[in-house]
Amino acid sequence: MKYYRSLIFLFGLILGISLQANSQVLADQMQKEVSAFKLHANIQLLDLQKKVDIKANNETLKHVLEQIEQKTGADLVYRNELVDKYNNVNINEKNQTVKDVLNLLLKDTNLMYLSTGSYIIIREKPAPMTESAETVSGTVTDSKTGNTMPGVNISVLGTTTGTSTDANGNYSLSVPSLQDTLSFSFVGYQTLQVPISGRTKINVSMNAAAISGEEVVVVGYGQQQHRDVTSSISSVSADEIANEPAEQVAQTLQGKVSGVEIMQNSGNPGSSFMVRIRGIGSVNDKSTQPLYVVDGNPMADPSDIATSQIKSIDVLKSASATAIYGARGANGVVMITTKNGKAREGVQFNVNAYNGVEHARRVPFVDAQNYAMLYNEALTNGGDSPKYPNPQQYGKGTDWQDVAYRPGQKRNVNVSISGGNDASTYYVAGEFQKELGVVRTTNYDRLNLRVNSHHEITDYLQIGENISFSRSHSIGMSTYSETSFFARQIASAPTAPVKNPDGSWGQLPHHANLEAMFERRANEDNGTERPVLTGSGDIELTPLKNLTLKSQYNFTYGRSMSRNFTPEYFISTTDRNELSSISRSESNWNNWDWDNTVDYKNTFGKHNIEVLAGITAQKNFTQYWSASANTLPGNSSQFKGLRYLGMAESGQSVDGNGTGYSMLSYLGRINYNYNDTYLATINYRIDGSSKFGPNNRYGYFPSFSLGWRISNESFLKDVDFINNLMLRGGWGKIGNQEPLNNYAYASSVTRGMNYYFNGNWVPGQAPQGSGNPNLKWEAIQETNLGLSFTGFDNTINVDLDYYHKTTTDMLMRVPIVAYSGIVNPPFKNSGEVVNKGLELSVGYQRTTPGDFYYSIDANVSHNTNKVTQLANNVDALYGVEAGFIGSGYLTQAQVGQPIAAFYGYVADGIFQNQSEVNNHAAQPGAAPGDLRFKDLNNDGQITADDETMIGNPWPDYSFGLTANFSYKNFDLNLGLTGQYGNDIFAAWKWTWYGGNWFNYHKNALNRWTHEGQKTDIPRLNINDPNGNLRASSWYIEDGSYLRLNNLQLGYTLPNNIIQNVRKLRIYVTATNLLTITGYPGQDPELGTQTSSSTQQQPMYIGIDWGHYAVPSTYTIGINIGL
Amino acid sequence: MKKLTLITLIALIAIGVGGCNGFLNEEPQAQIATSNAYQTADDASRAVTSAYYRLQANNWCCDAVDRNGYMYWVIDNVGTDDAIKGGESGGDQVYAQKVAYYTLTPTNRTAEEAWNNLYIDIRYANIVLDKLPDIEMDSDLKKRYMAEAKFLRGYDYFLLVQTFGDVPLVKTTDVEAYDKKRAPASDVLKQAISDFKDAASVLPTKSQYSSEDIGRASKGAAQAYLGKLYMWMGDFTNAEDWLGRVIDSKEYSLATDYGMIFTKAGENGPGSIFEIQYNYNPPKTQQNPMGVVQGSRSMYGWGFNAPTQDFVDEFESGDPRLKQSVYENGDTLRDGRVADVGNSPSGYLNYKEYVGTSEAPGGFFNSANNEIMMRFAKVLLWYAEAANENGHTQKALDALNRVRKRARQGNSNVLPDVTVTDKTKLRKAIWHEERVEYGNEYDRRFDLLRTGRMGDVMRGYAQKYNTPKGANFKDGKNEVLPIPAAEISLSDGKLTQNPGY
């Protein structure tokens, strides 16, 4: 209910604003033409009326035009071949308007100029009218935005006849014949050839030429043209993520960027993502996450960003690209740029809304009678007596998944208003989304508000700001462990009813009654609220030509507040609570970062140089408090207003702490290119951090990259199909400090080691570990080699990269002998990991004469990960413990093996009869029907020495493909993602193939029962004397998959149907629609567990306990542009 | 104007840089530096408490490293003929089943947690011994604190030897490089003896402690453990001496009601010598999971540690202690509930760990009854055993019959006084009495091992009940647990594995 109200409020707000905007338009309707003309006339004034000094002595026209551009900032657009032939221009004018200068310059040429408002176009004077009776007219629009396009060149193929569109994108052209073909061209857009075919009205929409290499990528503290990038950077534009029902940034990148592995951590609404750029170089969690930089702010959390507000995402992958972020770029940098208004575009009003449903993936469990039969069999085989007499009596029973799941819902509405004039641009946006998870009670909602603006105060002073507020609220469900909700509750015994005929709760043998739990939770009022204010303000000075000074202050101020109320309840004698209780906790963080940079850019003949230097300072501080108490007033379960700590009468408890760190960094970068052919970038960064002791605070991180644009060399210049061919290479060293606690260098005691003496509480404390004052920066050294190719009229582009990345001085807690009594071993610089890989991405896009446009981008990457060294005599670091399975650890990081490789016995089929058991190495407890394990060391017995690496959770290849098709007003977009060659430890086999407390997976019906049976599921035995369920290769499954991640069909209503609407598009989307995989579990897309103090996350990969799988969603949406 | 702006900006940057002096010096927040943590008497108290804190670490299963405990119920009960592992089924807590079946390997959690817990506690005791000498405080209290730490260290090393045999001997916290080898068990025991003796000479008696200090190591506790240690070594002369001192101190007596000993109300009673203390007092509750672990799956628990038929059969007919040690279906329990033992594989559950409704005001998961590690009856019986071995038959009979008299609980028709004087027969009678008096109280393994009976008893049990439990017990191997595999690897091979693992 609350949701609807907020939604209505938001809509009201939008509607109010839009009506106001519209009424303005309506009021001016009569003078529309006039005012539009005036508007543009003003703009023309601005460009054409600018004063300029110009002097040229026998110079090329091109050079003179360039001077005008440089001096006035005017955008002159022309084809080189048109102006190239004028190379002896003489002019000497002082303080003249551009208009006058152009008139002078073009007087004796066959060129003319035309101002569109945005550009001044230099073009050929129209040929004298031929005797032609036919006139073709129409409007040219941008295919994506629906905006009309002024200044588009239109010519009749094979003639000199041509024109340009006017300020409103309209054209009218006399043509020799209606059988001719028109050519539409515009800078930055694909040239379009349209046969007239007898028509007199031809509206066309043009596609931006995404593969031209002209687009800009955002690099650290600046930007660069994509074609000039010599390191490794992948970019995703707003167009590519538009309208995907993506809550989180990472989701929009899935399958779109080579070398980046992205998996959703769970189906919990609002779930975070695991993002690994070029493998992982550490066993520490935090140090495997990339750095997210939003509009230059390096402290933003991706979960607080609305995807609808993103303009572009650039993923900096190689060390030479991330090095400018030094210590923070070790795992790649995701640069996010949010949208801003465009000058002279008029007010743009956009609304996008979608609404959809979600479907859970269900586990095929057996019904009650089969459960009873199988459980009895397991008991009997274990020497116990059967528990369920006459299994048939239980019939189908209860499928607890019916209780757990519901159709989920996903809704989103986002609106934006943007615009600006020459001096100022603005973008104001809001987004509200809500997801009701497929598991009851799980939900997530988030509100994002953003105001971005940019102002040119004077010609040498600019200021800007980006401010975003987000507030989310979530209720999740634990996942990723054998005791999690999933492994446990959905597999409750089907023999128990939800409710007994007398209305009392059905009693389950091993678990709480799920329905009772949900009814209780509905009344519990739990959840986490997260309000975050983040943004930046910047000031930019251009005191001298080519010199820019910039100061940007970034801040993030947020809180994460959890509350939990548990009422008194009685479900059964074992499932009850006699004391109502309430707990509150809050983390709040206050982080700031101040970046000051100086940038100098100049061209000396064929030498182009840009130098950047800067200083950044950053401070992070987080505080935490919590309080809890119990015994609330008796009716607090009905009245929310009673659920306050102060209402509780006993058991008050409080906790709190704080932690912070600061960084000070110096950075420098030189970009150099000679004649656009030989390019070089050199970075140097010095990072200082308070996380290290005073001895080793600073780390020094150099990097460079070189590029050779072979296509500019004379021997390739004439090869037509090559537009751009560049060989790139680089090396860089970057630091990492993320694994460290803030005070890892210092030794401290842990409190809370208390004891009661005869009921008297006495506090205790002791040091659990010790600090290491000699810690220094972890270092990552990476070599990158790449090749970029664009060709065939800019329709194809190919990027190929090879990298070799070595992590040295890995910061980690290296286990030390336990007899030291040290609980937390100190952090140490130790260990070495090597990641090697190859990345290929290929793009192709094309418009065919029949208005059919399509583009396909595909990428594939290959990465290998290997631990090459560990300290302290450690030959393996232990990862995930598997207490339930009864083995020590499922994953290990062993020298010579990948991080988190699976470890265990090698299963070798099933003993079919006693003589097979007898002839095998001694395997205590084994009987026919049990798993046979390999005696790897041939000592005649199966012992721990026979354990070995049994699987690799990392894929050999991961790949993605996006394809966009549009035909007339229809568009179809699809995204595929997948991986190949990774193993999954299907731990759910333990749970659902005989782990005692759980219902059976239907595959368990095929368990071994008699000699000669072909099956890979051993006999059921409640006591498991053979240890069938120990960690072994029996659990290992191939995790390869190919998924149709996103499929969208859209229809844009023709422009002339609705007045005053720039764009109206409706679309339907399905995500997670189809998965091709041999994996027998719920879902091969496994992220990692998101929070646990005891498990090291990177070591928790590829283990599937049967988790909250990512649901499929089906949405319908609408885009409106006014 | 332009220049002015420029100067302003440059000035701003300069301030930014200039203001950075000391920018990176962050004072650690919400932490007490180790260097400041040992200054006052209160600090000393906190240091000692941390060593006690380890006792009530999670002794049931596998928790985070800093919470792990010594799984007494697995090693000392389930690993013997006194109890079957229980739980949902054989696969439930498989590491414990492997201990019960003697199929455990060096990665077994039981061994790992025992090892880790005891050495963490040794470190905390060592910190007390290293740091307290420099703290200015009341010297008597300081001496007592250090004696308490010595008692705890002795307790840990004694348990380590019982569990693993030869183990590394760490006596201070100054050890920078941990490159020790396993010290012979005799050296480790020598250290434990010295620690216990130092403790016994300094610590107050139980009655000298004020009420709020009950639960701390006392003179009597140190003497009792010294006696126990000599029993382990087969040094009956010293055993008789030290256990005799406990008896002669008159500090302890046998509580009249045997059943009461194991209830909340019976905590720290007259016979109590050393108990692991728990208390329910939210939010500072220190709960003892044993109540739930050993409780019935059909009533409130998980049904582990099911007493065996063999244990039940050991009781003489009419012994009132039987129904105070185990319960079965239909028994009316002390809080009036009618017992349902759920799926107990033996049909019995351990009454000594039963928590009555009124004893768990915060629910059974928060039950907090103490765990009695040393009580007077154990001292009397071991004394009797030592006296018999030393030829002091009458003393042996007196001590033994003192226990039987209490056990009789006024019913003169049962449990007649033992009168046999033949050394061997009397030994058997005492062994029998030991088993029934403190069955499932974590000393069955100790008794079987020190008297050399373990292998025969366990294999005999397997044969008699046709079960894998005990069948795999190998003499010369299974007397000790394996050294944790990770530990051997971390020591770069300096630590060797126990034979057979």
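Predicted, not measured: the structure shown is a model, and the values here were computed from it.

1. Things to note about the overall build of chain B
Working step 1: Helices and strands together make up the secondary structure of chain B, namely 18 helices and 7 strands.
Working step 2: Considered along the principal axes of its C-alpha atoms, chain B spans approximately 110 × 50 × 50 Å.
Working step 3: A burial count over chain B gives 62% of its 501 residues as buried.
Working step 4: Taking contacts inside chain B between residues at least 6 apart in sequence as the whole, the part at least 24 apart equals 68%.
Working step 5: When the accessible area of chain B is evaluated, it comes to approximately 17,800 Å², of which 50% is carbon and sulfur surface.

2. Comments concerning the overall build of chain A
Working step 1: What chain A contains, in helices and strands, is 15 helices and 60 strands.
Working step 2: For chain A, the proportion of its 1122 residues judged to be buried stands at 57%.
Working step 3: The long-range share in chain A, meaning contacts at least 24 apart out of those at least 6 apart in sequence, stands at 68%.
Working step 4: For chain A, the exposed surface amounts to about 44,500 Å²; the carbon and sulfur share of it is 53%.

3. Concerning the packing of helix H2 (residues 41-53) of chain B against helix H5 (residues 109-131) of chain B
Residue and element names in this part refer to chain B.
Working step 1: Taken N-terminus to C-terminus, the directions of H2 and H5 make an angle of 160°; their axes are 8 Å apart at the nearest point. Relative to H5, the element H2 lies roughly antiparallel. By crossing handedness, the relation of H2 to H5 is classed as left-handed. Facing H2, whose interface residues are Ala47, Val48, Ser50 and Ala51, H5 presents Asp121, Tyr124, Ala125 and Val128.

4. Some points on helix H6 (residues 139-164) of chain B
Residues and elements named next belong to chain B.
Working step 1: Taking 1.5 Å of rise per residue, the 26 residues of H6 would be expected to cover 38 Å, and the 37 Å separating its terminal C-alpha atoms lies within 8% of that figure.
Working step 2: Most of H6 is tucked away, with 20 of its 26 residues classed as buried.
Working step 3: The N-terminus of H6 is capped by Asp138, whose side-chain oxygen sits 3.3 Å from the backbone nitrogen of Asp140.
Working step 4: Once H6 ends, the next one or two residues include Gly165, with phi positive near 85°.

5. Focus on the nonpolar core
Working step 1: Counting 138 residues, the largest nonpolar core has Trp73, Phe151 and Phe274 of chain B as its most contacted members.
Working step 2: Judged by nonpolar contacts, the second largest core, of 64 residues, contains Val403, Leu508, Ala1004 and Trp1034 of chain A.

6. Notes on the interface of chain B and chain A
Working step 1: With 92 residues of chain B in contact, the opposing surface of chain A contributes 91 residues.
Working step 2: When chain B packs against chain A, the two sides together hide about 7,800 Å² of surface, and 61% of this comes from carbon and sulfur.
Working step 3: Counting the contacts that link chain B with chain A gives 1 salt bridge.
Working step 4: Here Lys619 of chain A and Glu26 of chain B are joined by a salt bridge, their closest N and O atoms 3.4 Å apart.
Working step 5: Where chain B meets chain A, there are 23 residue pairs in polar contact (both at pLDDT 80 or more).
Working step 6: When grouped by side-chain class, the residues that make up the side of chain B that touches chain A number 43 nonpolar, 27 polar and 22 charged.
Working step 7: Looking at chain direction, strand S36 (residues 748-751) of chain A and strand S1 (residues 32-33) of chain B are connected through 2 bridges and run antiparallel. Bridge pairing in S1 of chain B places Ser748 of chain A opposite Ala33 of chain B.

7. A word on the sheet that holds S36 of chain A
Working step 1: With antiparallel pairing, 3 strands are arranged side by side in an open sheet as S39(A)-S36(A)-S1(B). Pairing within the sheet leaves two strands with one partner each, and these edge strands are strand S39 (765-766) of chain A together with S1 of chain B.
Working step 2: Of the pairings in the sheet, the one linking S36 of chain A to S39 of chain A comprises 2 bridges and is antiparallel in character. Directly across from Thr750 of chain A, in S39 of chain A, lies its bridge partner Ala766 of chain A.

8. Notes on unusual backbone geometry
Working step 1: Phi at Thr631 of chain A is positive, roughly 65°, even though this residue is not glycine.
Working step 2: With respect to the helices, strands and loops of the structure, Thr631 of chain A is situated in the loop between strand S31 (607-630) and strand S32 (650-674).
Working step 3: Judged by its relative accessible area of 23%, Thr631 of chain A is partly exposed.
Working step 4: Non-glycine residue Asn440 of chain B carries a positive phi angle of around 55°.

9. Points about the confidence of the model for chain B
If pLDDT is low for a region, its predicted coordinates should not be looked at in detail.
Working step 1: Per-residue confidence for chain B gives a mean pLDDT of 92; residues scoring 70 or more make up 95%.
Working step 2: For this predicted complex, the interface score ipTM comes out at 0.94, alongside a pTM of 0.79.

10. What about helix H12 (residues 514-522) of chain A?
Residues and elements named next belong to chain A.
Working step 1: Counting buried positions along H12 yields 7 of 9 residues, so the element is predominantly enclosed.
Working step 2: Taken together, the buried positions of H12 are occupied by Leu514, Glu515, Ala516, Met517, Phe518, Arg520 and Arg521.
Working step 3: One side-chain oxygen at the N-terminal end of H12 lies 3.0 Å from the backbone nitrogen of Glu515; it belongs to Asn513.

11. Brief notes about the side chain of Gln67 of chain A
Residues and elements named next belong to chain A.
Working step 1: Among the secondary structure elements, Gln67 is positioned in helix H3 (residues 61-72).
Working step 2: Residue classification places Gln67 among the buried positions, given a relative accessible area of 14%.
Working step 3: Not counting chain neighbours up to four residues away, the residues in contact with Gln67 comprise Ile54, Lys55 and Glu59.

12. Overview of the sheet that holds strand S2 (residues 76-77) of chain A
Hydrogen bonding along the main chain pairs the strands of a sheet, whether they run parallel or antiparallel.
Residues and elements named next belong to chain A.
Working step 1: Here we have 3 strands laid out as an open sheet, ordered S2-S5-S4, and mixed in their pairing. Single-partner strands in this sheet number two, and they are S2 and strand S4 (111-115).
Working step 2: With 2 bridges connecting them, S2 and strand S5 (residues 120-124) associate as parallel partners. Counted as the bridge partner of Val77 is Ile121 from S5.

13. Details of the packing of aromatic side chains
Working step 1: Inspection of every chain in the model, using the stated rule, returns 67 aromatic pairs over all chains.
Working step 2: Ring geometry for Tyr375 of chain A versus Tyr388 of chain A: centroids 6.1 Å apart, planes at 70°, classification edge-to-face. Pair noted here: Tyr375 of chain A is in helix H9 (residues 368-381) and Tyr388 of chain A is in the loop between H9 and helix H10 (400-404), with a separation of 13 residues, a long-range link. Note on accessibility: Tyr375 of chain A and Tyr388 of chain A belong to one class, buried.
Working step 3: When the ring of Tyr70 of chain B is compared with that of Tyr72 of chain B, the centres are 4.7 Å apart and the planes differ by 50°; the resulting orientation is tilted.
Working step 4: Judged by relative accessible area, which is 1%, Tyr70 of chain B ranks as buried.
Working step 5: Note on Tyr72 of chain B: relative accessible area 6%, which makes it buried.

Thresholds, definitions, all that
- Residues numbered from 1 in each chain as written.
- Chains lettered and ligands numbered in written order.
- Predicted model: local features only at pLDDT ≥ 70, side-chain atom pairs only at ≥ 80, totals over all residues.
- Heavy atoms only, no water.
- Helix = DSSP H or I, 4+ residues; strand = E, 2+ residues; numbered from the N terminus.
- Buried < 20%, exposed > 50% of the residue type's maximum accessible area, 1.4 Å probe, protein only.
- Contact = heavy atoms within 4.5 Å.
- Areas by Shrake-Rupley, 256 points an atom, 1.4 Å probe, with all protein chains shown as cover.
- Axes fitted to C-alpha atoms, helices over the stretch in contact; angles between N-to-C directions.
- Parallel < 35°, antiparallel > 145°, perpendicular 65-115°, else oblique.
- Left-handed = near helix turned anticlockwise from the far one by under 90°.
- Expected span 1.5 Å × (residues − 1).
- Polar contact = N/O pair within 3.5 Å; in protein donor to acceptor, adjacent residues only side chain to side chain.
- Core = buried A, V, L, I, M, F, W, Y, C linked by side-chain atoms within 4.5 Å.
- Buried area = accessible area lost by both parts, 1.4 Å probe.
- Salt bridge = Lys/Arg side-chain N within 4 Å of Asp/Glu carboxyl O.
- Nonpolar A, V, L, I, M, F, W, Y, C, P; charged D, E, K, R; others polar.
- Pairing = 2+ DSSP bridges.
- pLDDT = per-residue confidence, 0-100.
- Phe/Tyr/Trp six-rings, centres within 6.5 Å; stacked < 30°, edge-to-face > 60°.

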